[in-house]
Amino acid sequence: MTQLSSTASTCAAQWKMWLVKIFSVIYFTAVCAAPGSQDGTPIPTLKLLSPWQDVFENEAVEFSCEDSSHDWVFTWYRNQKNVTADEDQNLEEDHSSLNITSVTRSHQGVYACKALPEDNNGHSSAFSNTVNVTVYEKTPKPTVSKVPGFNPMYVGETVNFTCKVHVSSGWKYEWYRDGNKLPDTNETISIHLGISEKGEYWCKATRGETTSTNISEKIQQDVLEIPVPSLKLVTPWLDVFPTERVKLSCVMDGTSDWTYTWYRDGQQVLADGTVSFDSNGATLSISSASAAHVGQYSCKGHLNDRSVSSNSSPGLTLKVYDKKPTVILTQDPEYKVMFPGESVSFGCHINVSTGWEYLWYKDSNQLTVSGNKYPISLVGITNSGSYTCKAKRGSDQAFITDSSQAVRLEVEGNKPKPSMTQQPDVNKVYTGESVSFKCEVKLSSGWLYLWYKDGTPLPINSSSFNIHNATSSNSGTYKCMAIRDKTTYSTEHSDSRILRVSEIPVPSVKLVTPWLDVFPTERVKLSCVMNGTSDWTYTWYRDGQQVLADGTVIFDSDAATLSISSAAASHRGQYSCSGKLKSRSVSSTFSSVQTLGVYDTKPRVTLMQNPMHNVMHTGDSVSFSCHINVSSGWEYLWYRDDNQLVVSGNNHTISSVLRTNTGSYHCKVKRGIYAVQSQAVKLDIEERPLAYITLLTGWSEVFSTDSLVLRCRVLESQDIWNYTWFKEGHPINFSLSEKHTVTPENDPEQSLYTCKGIRTGRPSYSKTSDSFHTKNLLLKRRVLLSISGFIFFAIIAIFIGCIFLRFIRKPGNGEDKPEETELFLTMAQLKDRDDALCPLVQYITDAELNASSKKEADENGTISDETTPLPISSQEDQAVTSESHDTTENNGGLVSFKQ
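Keep in mind it's a predicted model, so treat the numbers as computed, not measured.

For the rest of this paragraph, the subject is the overall build of the protein. From N to C terminus, the protein includes seven helices and 70 strands. Here the protein holds 899 residues, and the buried ones make up 40% of them. Contacts in the protein between residues far apart in sequence, at least 24 positions, make up 63% of those at least 6 positions apart. Of the roughly 49700 Å² that the protein leaves accessible, carbon and sulfur atoms contribute 51%.

Put into structure tokens, the structure is as follows:
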């Protein structure tokens, strides 16, 4: 305020001084102009030799008055009044100058001069120009100011101080800080602020050697170090998850004069869809964090309208996880199944960041539990269920993690029973083996185990129990039970297990193929057997050396069988074996031996025939036998003309040879795939001659006697034969005659007769003849008599009928008369017609004549006169012809109508 009033008074004094000057100039111009100026009167020139017109008391003012003539004497005027040195002791006059050595207020005025000639002839010059001198009453006080006008200011800023005397001119300035003079003398000084530039600044002005102003007002200038902004986290955490909010603030000495710039990893952060700032940038807000926001954040402050910038604040590193954190639910103790009375505690853990609140759920229903622990002191059936938890932080737009994994707690009401297993899991083990028992409670975990043998506790508390190098003393009954390690809950006893320790059995070698003496290329198979089980694998030895598989020796999957596909001399020897348990280190001793012999040559096979006839006749019996000279176990194969026969054994007998049995016979002996063939034997079969029966009784005698004479002959044979007769298959005489007479006395039943020829040569007998039935013969006799009478009367009736029709039939007109047909056919026509009436032909057939005898068949299946022509039609005709050569076809005995 003092500075403002001083400035106002100074301005008023200046205006007053200028008004006086203006008035004086106008006055002297108008009044004091030299009258002779227009007529040649000289005008001197007044000059102010001192540097200023407005002066202060005690200052010096010096004038000079000049004219072109040197003969002039000058007089001085102030306010149109003449002044002389005599009147004022402070005045000093010289020829052409006036010096006021110490100005006072009385010296103020408008000065001018005139020139007078030295001779003072009454002429003077005109007034010179005027110079107005203003004398201030007191020394002014300078005003001091600074730009900018801030206080305090910060290191590095520049401040300009200005010292101003508003009266007069020609001032020199002195500057002071805290009383210490500064080297600057300019009206305005510029100071680049540092801490040492802090203090009170003032100034004063001087002019000449005598004038010095009062000191100016003092200006306090405080200089502060530029504060380092502090970066603060508004939200409670710096490691955040996607979509979480983050807020950071930048603070500078608590004032609001600052604006702020933000940086992430040295790059300026600009506002976008998720990043925003408040009005002066003091707060950075991230509405939804993402991976793009990861980095180290810092800030700088800038003074409003001033070029003051702070250093960067210390950095804060923001971490944004790429996914939601995993919440882990733990259970202590970690028993999946618990039992009433036990205790359990659940813990919810998250491995990142802080500030979490925990939410608990059972079977998806939220529980009223706080904190990350959920203890249950005494579990019950109602505590069974699936437990989960979540973590949450923040209230505004709270972030909630995904649910933890579910932990299933089951509370079992029944006391568990452990199961005990044995390895190896067999009914018996062998001495020297290792045996292990394992006790296991399948429900839950955390069990300690107690073991018992024959009811006596064993000093073992682990889940397994091992016996190394078992002996018979380890045999016994074992069982176990379990106790929970943290809750001391005990189970029932397990089922008992009986351990039997036995001696290792000795294997035995058995022959699978039926022989131990074999021939080259034969197959051999041996088996090694251990107590009838399949738990063993085997190793084979020949003469004490291990037998390995090669091109001819193979083993089955367990080597229980040794197979030699093609025996050779190298396979001879004594074979033995030893056994080893599968998956167990148990090996037996060697078995007893089996000696395999291999012959050097093939065996010899011989085929023999009995009887040894080259030619056989049908019905003969022949037998072949196949013989091999060594070993046994042979299978016999039979062939005729290289076609295999369905015959087994070493004998092949044909009880009744046929023509189809003709051929070349040989046999093979075979065992396995080994076979040897015999020599071939040729067998020829001829048809055995056939015996036949003829009737020697003629047809003329047939109608007069019942005796029949039968004869037996061998067809197409010139050899001498004896004959044997058979009645109903039984021999009826022993005379060996070719003839046999049948009478009603010796054959009242009219039987079936056959015969065959016999002799001492080969063939020794003929085929048996076809059967001859006497009953058919007698029947034919009766039928022939009936037919003959019927034919006779039929011919007569036909003849008479034809004559009768001839006479009673009327002839027609010649044109309409039909062509006459022959009523009586010739024999040739009748023969060619199928519909000819020939009763004789119809009745003479076997089918008609023998209809009554179809049921009479012998025991051998022979049916008389049904399948063969009647003996009377063939054999009897032959007999008649052979016995009576003088009998002709027309006048001889009755011949057969069947021609």
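With that settled, consider the sheet that holds strand β70 (residues 772-773). Taken in spatial order, the four strands line up as β67-β66-β69-β70 in an open sheet, and their pairing is antiparallel. Each edge of the sheet is formed by a strand with only one pairing partner; in this case those strands are β67 (730-731) and β70. In the sheet, strand β66 (residues 722-727) pairs with β67 via two bridges, with the strands oriented antiparallel. Its bridge partner being in β67, Lys-727 is matched across the sheet by His-730.

On to the environment of Arg-306, then. Tracing the sequence through the fold places Arg-306 in the loop between β27 (295-303) and β28 (316-320). You can call Arg-306 buried: its relative accessible area is 15%. In the structure, Arg-306 is positioned 48 residues away from Trp-258 in sequence and 9.7 Å away in space, judged by C-alpha atoms. In this view, Arg-306 contacts Phe-150, Pro-152, Met-153, Tyr-154 and Glu-157; residues no more than four positions away in its chain are not counted.

With six bridges connecting them, strand β32 (residues 357-362) and strand β35 (residues 385-393) associate as antiparallel partners. Across the sheet, the residue bridging to Lys-362 is Tyr-387, located in β35. Note that β35 and strand β37 (residues 407-411) share three bridges and pair antiparallel. The partner of Ser-386 across the bridge, within β37, is Arg-408. Here β35 pairs with strand β36 (residues 399-400) via two bridges, running antiparallel. Of the residues in β36, the one forming a bridge with Lys-392 is Ile-400. Counted along the chain from β35 to the antiparallel partner β36, the turn is five residues long, and its residue Gly-394 has a positive phi close to 90°.

Here we take up the environment of Tyr-297. Relative to the helices and strands, Tyr-297 resides in strand β27. For the pair Tyr-297 and Gln-268, spaced 29 residues apart in sequence, the C-alpha separation works out to 9.6 Å. Those residues in contact with Tyr-297 that sit more than four places away from it in its chain are Leu-231, Leu-248, Tyr-263, Arg-264, Val-269, Leu-284, Ile-286, Pro-314, Gly-315, Leu-316 and Leu-318.

Okay, the sheet that holds strand β57 (residues 622-628) next. Backbone-to-backbone hydrogen bonds pair the strands of a sheet. The strands run either parallel or antiparallel. Strand order in the open sheet made by the three strands is β55-β57-β60, with antiparallel pairing throughout. Whereas interior strands pair on both sides, the edge strands pair on one side only; in this sheet they are β55 (605-610) and β60 (651-654). Strand-to-strand twist of the sheet, defined as the mean angle between neighbouring strand axes without regard to direction, takes the value 15°. Where β55 and β57 come together, six bridges link them in antiparallel fashion. Bridging from a neighbouring strand, Gln-609 pairs with Phe-624 of β57.

What follows concerns the pattern of salt bridges. Enumeration over the complete set of coordinates arrives at 23 salt bridges. For Arg-497, the salt bridge identified is with Asp-425, shortest N-O distance 2.4 Å. Here Arg-497 is found in strand β45 (residues 497-502), whereas its partner Asp-425 is found in the loop between β38 (419-423) and β39 (428-430), with 72 residues between them in sequence. Residue classification places Asp-425 among the exposed positions, given a relative accessible area of 53%. Note that Glu-738 is salt-bridged to Arg-713, the shortest N-O span being 3.1 Å. Taken together, the residues Glu-738 in the loop between β67 and β68 (739-742) and Arg-713 in strand β65 (residues 708-714) connect sequence positions 25 residues apart. Assessed through its relative accessible area of 26%, Glu-738 is described here as partly exposed. Judged by relative accessible area, which is 31%, Arg-713 ranks as partly exposed.

Attention now goes to the nonpolar core. Core analysis: the biggest nonpolar cluster contains 25 residues, and Phe-346 and Trp-360 have the highest contact counts within it. Mapped by element, the contributors of at least two residues to this core are β29 (327-332), β31 (344-350), β32, β34 (373-376), β35 and β37. The element best represented in this core is β31, accounting for four residues. Setting aside anything within four residues of it in sequence, one finds Phe-346 in contact with Leu-329, Thr-330, Gln-331, Trp-360, Asn-372, Lys-373, Tyr-374, Ile-376, Tyr-387, Val-407 and Leu-409.

For the rest of this paragraph, the subject is the packing of aromatic side chains. Tallying each qualifying case throughout the model produces 28 aromatic pairs. Here Phe-63 and Tyr-111 contribute two aromatic rings whose centre-to-centre distance is 4.7 Å and whose plane-to-plane angle is 25°, an arrangement assigned as stacked. Of this pair, Phe-63 sits in strand β3 (residues 61-66) while Tyr-111 sits in strand β8 (residues 109-117); the two residues are 48 residues apart in sequence, bridging distant segments of the chain. Assigned by exposure class, Phe-63 and Tyr-111 land together as buried. Taken together, a centroid distance of 6.1 Å and an interplanar angle of 45° make the contact between Tyr-374 and Tyr-387 tilted. Within this pair, whereas Tyr-374 is found in strand β34, its partner Tyr-387 is found in strand β35, the two being separated by 13 residues in sequence.

Among covalent bonds in proteins, the disulfide is the one between the sulfur atoms of two cysteines. What the rule picks out here adds up to eight disulfides. Disulfide pairing is shown between Cys-65 and Cys-113; the S-S distance is 1.8 Å. Taking the sign of the torsion about the S-S bond as the criterion, the disulfide between Cys-65 and Cys-113, at about 70°, is right-handed. Residue Cys-65 is found in strand β3, and its partner Cys-113 is found in strand β8; the two are separated by 48 residues along the sequence. Summarising the burial analysis for this pair, Cys-65 and Cys-113 share the class buried. Disulfide pairing places Cys-250 opposite Cys-299 at an S-S distance of 1.8 Å. Where Cys-250 bonds to Cys-299 through sulfur, the torsion about that S-S bond is close to 75°, and the disulfide is right-handed.

A few words on the environment of Ala-291. Its location among the elements puts Ala-291 in the loop between β26 (283-286) and β27. In this structure, the C-alpha to C-alpha distance between Ala-291 and Pro-242, residues 49 residues apart in sequence, is 7.6 Å.

Okay, the side chain of Ser-102 next. Structurally, the position occupied by Ser-102 is in the loop between β7 (97-100) and β8. Ser-102 sits in the buried class, given a relative accessible area of 19%. For Ser-102, the side chain forms a polar contact with the side chain of Asn-58, separated by 3.0 Å. Residues within four places of Ser-102 in sequence aside, it is in contact with Asn-58, Glu-59, Asn-90 and His-107.

Further remarks concern the pairing of β26. By the alternation rule, side chains of β26 split into Thr-283 and Ser-285 and Leu-284 and Ile-286, which are all buried. In this antiparallel pair of consecutive strands, strand β25 (residues 275-277) and β26, the connection spans five residues, and Gly-281 shows a positive phi of 75°.

Moving on, we come to unusual backbone geometry. Residue Pro-148 is bonded to the preceding Val-147 through a cis peptide linkage, with omega at -5°. Residue position: Pro-148 is located in the loop between β10 (143-147) and β11 (153-154). Pro-424 follows Gln-423 through a cis peptide bond whose omega is 0°. Here Pro-424 lies in the loop between β38 and β39. One non-glycine residue with positive phi stands out, namely Ser-168, at about 65°. With a phi close to 55°, Asp-178 is a non-glycine residue in the positive phi region.

Cut-offs used in this document
- Residues numbered from 1 in each chain as written.
- Predicted model: local features only at pLDDT ≥ 70, side-chain atom pairs only at ≥ 80, totals over all residues.
- Heavy atoms only, no water.
- Helix = DSSP H or I, 4+ residues; strand = E, 2+ residues; numbered from the N terminus.
- Buried < 20%, exposed > 50% of the residue type's maximum accessible area, 1.4 Å probe, protein only.
- Contact = heavy atoms within 4.5 Å.
- Areas by Shrake-Rupley, 256 points an atom, 1.4 Å probe, with all protein chains shown as cover.
- Pairing = 2+ DSSP bridges.
- Axes fitted to C-alpha atoms, helices over the stretch in contact; angles between N-to-C directions.
- Salt bridge = Lys/Arg side-chain N within 4 Å of Asp/Glu carboxyl O.
- Core = buried A, V, L, I, M, F, W, Y, C linked by side-chain atoms within 4.5 Å.
- Phe/Tyr/Trp six-rings, centres within 6.5 Å; stacked < 30°, edge-to-face > 60°.
- Disulfide = S-S within 2.5 Å.
- Polar contact = N/O pair within 3.5 Å; in protein donor to acceptor, adjacent residues only side chain to side chain.

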